[in-house]
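Spelled out from the first residue to the last, the chains are:
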Amino acid sequence: MRKIFHSIANRAAALFMKLLFGYSSRIYVTGSEHVNRAGGFLLASNHISHFDPFIISSAVRRKIDWMAMAEFFPLPIVGLFLRAVDAFPAARDRADRKTIRSAIDRLKDGRIVGVFPEGGIRDGASSLLQGAPLRAGASTLAHMAGVPIVPCVILGTDRLYAKRNWLPLRRTPIWIGFGRAISHFPELEKSVARARTEQELTKAFQGIYAELRQKFQLTTDDLPHPPRERMHAPSKNRRQSLRRTTATAVDLAMCASMNLLQSRHRLNGRSAAEMERYVAECEKLTPHEYYAVRQDVDLVAAIRNGSGASVTWRSPIQTKFSRNNAARADFFWCAARKNAPTVFMLHALMSATHIGYRRWAARINELGWNACFVHLPYHYSRVPRGYWNGELAITADLIRNAEGLRQGVMEVRQLIATLREQGCREFGILGTSYGGWIGALLAMVERDLRFVALMCPIVNVEHAIWQNPGTAFMRRELRRAKIAPELVARHFHLSSPMHNEPSCDPARVLFVSGDFDLITRPADIDAIQQKWRGSDLLRVPQGHFGYRMMRDTIGRLKERGL
């Protein structure tokens, strides 16, 4: 009779949950093949709301026996329901032998036991999704029972705390990702096996989290927030919606202008054959060879003999545009001059004015750093007559684009080498958008950098060319010339930060993403931040174009003591 009661209760609860959350939510699931498997295993999930176990259970075919907080079981109705669906109590502050024995028995009986290894509802820095440490219970339990652990990441359920999200037709989106089963490593010694399991589990959580964010293009509002904030933040959500709408409108307008500007440029004689020859030569080179510093110009003398405010020299790469062949950098010296560290400020594509950078240079000087504003290829003093600022830097001529990036990286490396000769030992990179792209490439080849702050950097070149709304005309021209994505991808080992690793310490790298950015997707910034393990991430509520990001970035650098 007891088994029949539990069977009926579980079936009724499963049906009710499917109807309830089918009405209130749209649930997106990835990796369901990893959880719909035979045999006993431990299901370990992050925990962002009280709705998590019910929604996860509704997305899994098999029944899950949840390990729930002991405080719930003395409550008459709640406790009866939990026992009816085979949940069992667990104390949060201590290991209970009865709980452990019950979990092991169920696992060995071929059942699924669900746990939340964070020990409670968590968000932000206290969440394992943001790098907080796991509790040891899950790995210990798996090792004792001799079963694997299936990791699970759930996002979006915290928004169900807001009453308005239960209104008809709202259907709050919820995302669930399941990962591959993680072994309990029976061949290893007990303590080593547990440590290895925890390491693999942490890595799996981070990987699933990044995959969900990238696949579903999640924004900051989609990510976990404190329950109290979700309950009492309608005005904040309205402000967020207004910011999103404004940022999207600005980004789309700028993308339209970029496409209009690119329509002035054809491939200028470039063909798939020329691209093939260029890529074939580049495939033989490593990033260090491709961006090697050339010592064919005496920059030391140029800086010493110049006015001190700016320096001009012959670019290591010569193009058919004479004005672009003269590299230039403007220096803003602090009181200590060449004995102080130097920050290289790398501006955005088609940057409207240098006035804002000059103001920030003054702020950097106040912090005791020199600032150096670099005129990137085809910008400012390097704009050929008859063209707009920066319009030649990114067009359908991919070879010119690549050589422009190469110019920018090599010229900054020349400046670093020259200042190093003069006694300067510390350097920082502050790059925005196109400048952030060059800054990321510098991080791939320069080891000795105190910090690399990259604001909305172009890190995924594949997306930048083939999906970016600002490069629609470029794609049309490339297809007309029969230049395929596979051909372009052969250059990514030199031009795409996403496909590379940094030479400098990743802990010195700060990625800054805009929550509403249509050009540099937040998901791409998250992905490279996870790949460059140890790097920092700052999210700012703006689109690709905005002024808040620089302020917040400087603030984060000051917090880190850089």
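Above this text sits the structure in question.
Residues numbered from 1 in each chain as written. Predicted model: local features only at pLDDT ≥ 70, side-chain atom pairs only at ≥ 80, totals over all residues. Heavy atoms only, no water.

A. Structural view of the packing of helix α5 (residues 97-108) against helix α6 (residues 137-145). Here α5 crosses α6 at 55°, and the two axes come no closer than 9 Å. For the element pair α5 / α6, the angle class is oblique. In the crossing of α5 with α6, the sense of the turn from one axis to the other is right-handed. Contact with α5, carried on its side by Ile100, Ala103, Ile104, Leu107 and Lys108, involves Leu141, Met144 and Ala145 of α6 and no other residues of that element. When the residues that make up the contact of α5 with α6 are grouped by side-chain class, the tally is seven nonpolar, no polar and one charged. (Axes fitted to C-alpha atoms, helices over the stretch in contact; angles between N-to-C directions. Helix = DSSP H or I, 4+ residues; strand = E, 2+ residues; numbered from the N terminus. Parallel < 35°, antiparallel > 145°, perpendicular 65-115°, else oblique. Left-handed = near helix turned anticlockwise from the far one by under 90°. Contact = heavy atoms within 4.5 Å. Nonpolar A, V, L, I, M, F, W, Y, C, P; charged D, E, K, R; others polar.)

B. Quick peek at the environment of Arg101. Checked against the element boundaries, Arg101 lands in helix α5. Note: C-alpha distance between Arg101 and Arg521 (420 residues apart in sequence) is 47 Å.

C. Highlighting the nonpolar core. Membership of the largest hydrophobic core comes to 75 residues, with the highest contact counts inside it found for Phe344, Leu346, Leu415, Tyr434 and Phe511. With sequence-adjacent residues up to four places away left out, Tyr434 is seen in contact with His347, Ala348, Leu349, Leu376, His379, Ala393, Ile394, Gly404 and Leu405. Phe88, Leu128, Leu134 and Leu218 belong to the second largest nonpolar core, which has 29 residues in total. (Core = buried A, V, L, I, M, F, W, Y, C linked by side-chain atoms within 4.5 Å. Buried < 20%, exposed > 50% of the residue type's maximum accessible area, 1.4 Å probe, protein only.)

D. Geometry of the sheet that holds strand β12 (residues 427-432). Read from one edge to the other, the open sheet built from eight strands follows the order β8-β9-β11-β10-β12-β13-β14-β15, with strand pairing classed as mixed. Among the strands making up the open sheet, the edge pair consists of β8 (310-314) and β15 (536-540). Going from strand to strand, the sheet's axes swing by 20° on average, the running direction of each strand aside. The strands touched by helix α13 (residues 355-366) are β9 (326-332), β10 (342-346), β11 (370-375) and β12; relative to β11, the strand with the most contacts, the crossing angle is about 155°. Along the sheet, helix α15 (residues 434-445) makes contact with β10, β12 and β13 (451-455), crossing β12 at roughly 145°. (Pairing = 2+ DSSP bridges.)

E. Broad picture of the environment of Phe116. Checked against the element boundaries, Phe116 lands in the loop between β5 (112-115) and α6. Phe116 sits in the buried class, given a relative accessible area of 15%. Excluding residues that lie within four positions of it along the chain, Phe116 makes contacts with Ser45, Asn46, His47, Asp52, Pro53 and Trp66.

F. Broad picture of the packing of aromatic side chains. Counting across every chain of the model gives 16 aromatic pairs. When the centroid spacing of 5.5 Å and the interplanar angle of 45° are considered together, the rings of Tyr28 and Phe216 count as tilted. Of the two residues, Tyr28 sits in strand β1 (residues 25-30) while Phe216 sits in helix α7 (residues 190-216), which places them 188 residues apart along the sequence. When its relative accessible area of 31% is taken as the criterion, Tyr28 is described as partly exposed. Note on Phe216: relative accessible area 24%, which makes it partly exposed. When the centroid spacing of 5.9 Å and the interplanar angle of 85° are considered together, the rings of Phe321 and Tyr387 count as edge-to-face. (Phe/Tyr/Trp six-rings, centres within 6.5 Å; stacked < 30°, edge-to-face > 60°.)

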